[in-house]
Amino acid sequence: MSNCNKLGIGLAGFGTVGSGVWNTLEKNGELISDRTAKGVSLGITKILVRDLAKTRATTSAVPPEILTTDWRALVNDPAVDIVVELIGGTTDAFEIVVAALLAKKPVVTGNKALLAERGIELFAISRKMETPIFFEAAIAGGIPIVKTVQDSFIGNHIHSFTGIINGTSNYILEQMTLRGIDYATALQEAQELGYAEADPALDVNGWDAAHKAILLATLAYGFPIDPAKVHVSGIEQVRPTDIQFAKSLGYVIKLLAIVRERDGGAVELRVQPSFISQKHILASVHGVFNAVSVNADAAGESLFYGRGAGQGPTSSSVVADLVEAARDLAHTARHRGFLPYRETGTLVPIEETTTAYYVRFDVTDRPGVVAEIATVLANHRIGISGTHSPIDASNPDAEFVDMVFLLHSCPFGKLTAALAEIEALDCINSQPVVFRIENLG
Ligand code: NAP
Ligand code: HSE
């Protein structure tokens with residue numbers, strides 16, 4: 001360590017979040033120093049980028065000599081005491097984090113993809129090197145949910161998390177609903193606002209939320225989770241017709257992450273666009289906001305709400321971790337993160353999860369179509385609570401129409417089997433689109 005109270009930060013990544021960390025430390029550095037018992041002062045001594053020539057939107061000029069494109073120069077710099085990884089991805093970021101830990105430099109990261117895919121390896125090195133990894137920014141942006149689960153709920157069995165934990169998709173769904181804009185325009189806005197991942201496919205295909213759900217589940221249930229076993233679907237299939245139909249039935253569509261421990265200890269973990277009642281509190285989570293509802297045995301139900309993405313909220317979480325890392329260095333070292341206290345656990349197979357459903361079929365409009373679909377559903381003992389075929393006023397004689405079925409609760413495996421048969425019918429033109437109707441109580 002260069003000096004107990006003055007600590008050097010190596011900032012790997014200087015995009016939306018990295019430059020937010022620069023700005024926050026500049027604005028609130030003195031306040032942070034006043035608030036820490038021994039006056040810890042944090043200074044950025046090295047910054048890793050890809051493009052040295054890029055103009056940086058920071059509130060003060062960045063000395064060009066502290067910029068580098070060589071991550072080894074950053075990690076190995078003796079003036080760097082703490083490494084902040086904000087480049088994203090799972091390759092270079094992995095190497096940087098490993099090298100920092102091996103050099104006994106604490107790591108702060110907001111990289112949920114890295115931790116969900118390779119966290120078990122990284123936290124094993126962290127424990128071996130007695131050097132911590134902090135990751136508050138990896139789940140739900142500015143909401144302090146990681147420390148809440150690790151510290152505040154440590155005396156609880158956690159029954160479930162139900163959350164909206166991707167700001168980009170929540171923003172897109174809402175803009176499509178309120179302004180009637182199309183999906184591509186809404187996504188572009190989310191990118192311009194700094195909400196989306198460098199690869200925005202992760203936001204819209206559900207995987208960013210799934211990475212965060214995996215981290216929550218690992219923190220709560222203490223066993224490694226294989227991402228390949230998690231059921232994930234995103235918002236790409238949500239059409240304006242689904243949004244309108246949901247509204248007319250008293251629902252809104254939200255990308256929900258559900259992590260729930262069953263009796264016996266198996267864990268249900270899934271991310272899907274879901275119909276939830278307009279009256280449920282999660283229906284009021286707008287724009288880039290996230291919310292995580294935690295149900296724990298002693299504490300009962302708690303709801304955490306705040307901005308889930310963007311420069312300010314995310315850098316707030318990174319800076320909080322930096323201060324904790326600095327306090328650790330200045331006082332006693334701790335190592336946290338995933339502390340696997342059991343080798344294995346069981347995930348509930350998605351086929352065994354049960355909800356009601358909204359299913360949209362693309363059908364050839366001819367007499368008997370509803371009966372054909374209904375017969376297959378009846379053969380599988382799946383109840384129908386309603387059917388609807390939105391009329392396209394501009395084309396009332398259309399040959400192909402959307403036909404919506406609302407189905408009673410049944411295991412997903414049963415529904416999948418019925419849909420496989422229905423898809424083979426002559427009148428069905430493409431794969432049915434399924435959304436869950438969640439009864440959140
Ligand atoms: P970003 O705006 O795309 O910035 C990435 C930065 O990393 C850029 O400065 C880029 O350099 C640099 N970089 C990327 N790959 C590199 C490489 N191989 N070598 C050297 N430099 C490299 O990303 P961001 O939005 O700040 O996100 C950063 C991390 O925070 C990601 O893990 C993301 O998941 C996480 N996160 C983001 C948010 C959010 O709201 N944006 C919220 C929570 C967590 P150039 O500038 O030269 O291109
Ligand atoms: N792209 C992410 C989101 C950033 O939109 O939620 C925060 O993790």
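Residues numbered from 1 in each chain as written. Chains lettered and ligands numbered in written order. Predicted model: local features only at pLDDT ≥ 70, side-chain atom pairs only at ≥ 80, totals over all residues. Heavy atoms only, no water.

Asker: How should helix H7 (residues 183-192) be read in this particular structure?
Answerer: Note on helix geometry: an α-helix contains 3.6 residues per turn, so any two residues three or four positions apart are oriented the same way. Of all the positions in H7, only Ala186, Leu187, Glu189 and Ala190 are classed as buried. Buried residues along H7 cover an arc of 160° about the axis, so they all sit on one side. Counted as exposed and oriented over 90 degrees from the buried face of H7: Ala184 and Glu192. Where H7 is buried, its residues contact helix H6 (167-179) and helix H8 (201-204). Sitting at the amino-terminal end of H7 is Asp182, which places a side-chain oxygen 3.3 Å from the backbone nitrogen of Ala184. Count one or two residues on from H7 and you reach Gly194, which has phi positive near 80°. (Buried < 20%, exposed > 50% of the residue type's maximum accessible area, 1.4 Å probe, protein only. Helix = DSSP H or I, 4+ residues; strand = E, 2+ residues; numbered from the N terminus. Arc of directions from axis to C-beta. Contact = heavy atoms within 4.5 Å. Polar contact = N/O pair within 3.5 Å; in protein donor to acceptor, adjacent residues only side chain to side chain.)

Asker: Help me understand the sheet that holds strand S2 (residues 41-48) in this model?
Answerer: Pairing is parallel across the open sheet formed by six strands, whose spatial order is S3-S2-S1-S4-S5-S6. Only two strands of the sheet have a single neighbouring strand rather than two, namely strand S3 (67-68) and strand S6 (133-134). Of the pairings in the sheet, the one linking strand S5 (residues 107-109) to S6 comprises two bridges and is parallel in character. Across the sheet, Val107 pairs through a bridge with Ile133, a residue of S6. Against the sheet, helix H11 (residues 311-330) makes contact with strand S1 (6-12), S2, strand S4 (82-85), S5 and S6, and its axis sits at roughly 160° relative to S4, the strand it touches most. (Pairing = 2+ DSSP bridges. Axes fitted to C-alpha atoms, helices over the stretch in contact; angles between N-to-C directions.)

Asker: Sorry, what's going on with the site of ligand 2 here?
Answerer: Neighbouring residues of ligand 2: Lys112, Asn166, Gly167, Thr168, Tyr195, Ala196, Glu197, Asp203, Asp208, Lys212, Gly308 and Ala309. Separating an oxygen atom of ligand 2 from a side-chain N or O atom of Lys112 is a distance of 2.5 Å. In this structure, Lys212 approaches ligand 2 through a side-chain N or O atom, which is 2.8 Å from an oxygen atom. When ligand 2 is considered free in solution it has 250 Å² of accessible area, and contact with the protein chains removes 94% of it. Contributing elements (two or more residues each) for the shell around ligand 2: H6 and helix H9 (207-221). (Near = heavy atom within 4 Å. Areas by Shrake-Rupley, 256 points an atom, 1.4 Å probe, with all protein chains shown as cover.)

Asker: Help me understand the pairing of S2 in this model?
Answerer: On a regular strand, each side chain points to the face opposite its neighbour's, so the side chains alternate between the two faces of the sheet. Here S1 runs beside S2; their pairing, made up of seven bridges, is parallel. Note on S2: the bridge partner recorded for Gly8 is Gly43. Direction of pairing for S2 relative to S3: parallel, over a ladder of two bridges. Across the sheet, residue Ile47 finds its bridge partner in S3, namely Leu67.

Asker: Would you explain the packing of aromatic side chains in this entry?
Answerer: Each aromatic ring pair is specified by the distance between its two centres and by the angle formed by the two planes. Within this structure, the stated rule accounts for 12 aromatic pairs. Both rings, one in Phe14 and one in Trp22, keep their centres 6.1 Å apart while their planes meet at 75°; by these two values the pair is edge-to-face. Plain terms: the ring middles of Tyr251 and Phe275 are 5.8 Å apart, the flat faces sit at 55° to each other, and that makes the pair tilted. Separated by 24 residues along the polypeptide, Tyr251 in strand S9 (residues 251-261) and Phe275 in strand S10 (residues 267-277) bring together distant segments of the chain. For Tyr251, a relative accessible area of 22% corresponds to the partly exposed category. Chaining the aromatic ring pairs together yields one cluster made of Phe245, Tyr251, Phe275, Tyr358 and Phe435. (Phe/Tyr/Trp six-rings, centres within 6.5 Å; stacked < 30°, edge-to-face > 60°.)

Asker: How should I be thinking about the environment of Ile87 in this particular structure?
Answerer: Tracing the chain through its elements places Ile87 in the loop between S4 and helix H3 (92-102). Take Ile87: its relative accessible area is 35%, and that puts it in the partly exposed class. Leaving out residues up to four positions away in the same chain, Ile87 has contacts with Ala12, Gly13, Leu48, Asp92, Ala93 and Ile96.

Asker: Got a minute to help me understand the domain arrangement of the protein in this structure?
Answerer: Where interface size is given, it is often the accessible area lost as the parts come together that is meant. As assigned here, the protein comprises domain 1 (6-141 + 311-331), domain 2 (153-307) and domain 3 (350-437). Taking the mean C-alpha position of each, domain 2 and domain 3 sit 25 Å from one another. Taken together, the contacts link 16 residues of domain 2 with 16 residues of domain 3. Both faces combined, the contact of domain 2 with domain 3 buries some 1,500 Å², and carbon together with sulfur accounts for 64% of it. (Domains from an automatic or database assignment. Buried area = accessible area lost by both parts, 1.4 Å probe.)

Asker: So what exactly am I meant to see when it comes to unusual backbone geometry here?
Answerer: Working note: non-glycine residues mostly have negative phi, and peptide bonds are mostly trans. A positive phi angle, near 60°, is found at Lys104, a position not held by glycine. In this structure, Lys104 sits in the loop between H3 and S5. Judged by its relative accessible area of 47%, Lys104 is partly exposed.

Asker: Just to check I follow, could you spell out the site of ligand 1 for this structure?
Answerer: Within the structure, ligand 1 sits among 24 residues, and Asp51, Lys54, Arg56, Glu197 and Gly310 are positioned closest to it. A distance of 3.0 Å separates an oxygen atom of ligand 1 from a polar atom in the backbone of Thr16. In the complex, the protein chains occlude 88% of the 900 Å² of accessible area that ligand 1 would expose alone. In terms of residue class, the shell around ligand 1 is built from eight nonpolar, nine polar and seven charged. (Nonpolar A, V, L, I, M, F, W, Y, C, P; charged D, E, K, R; others polar.)

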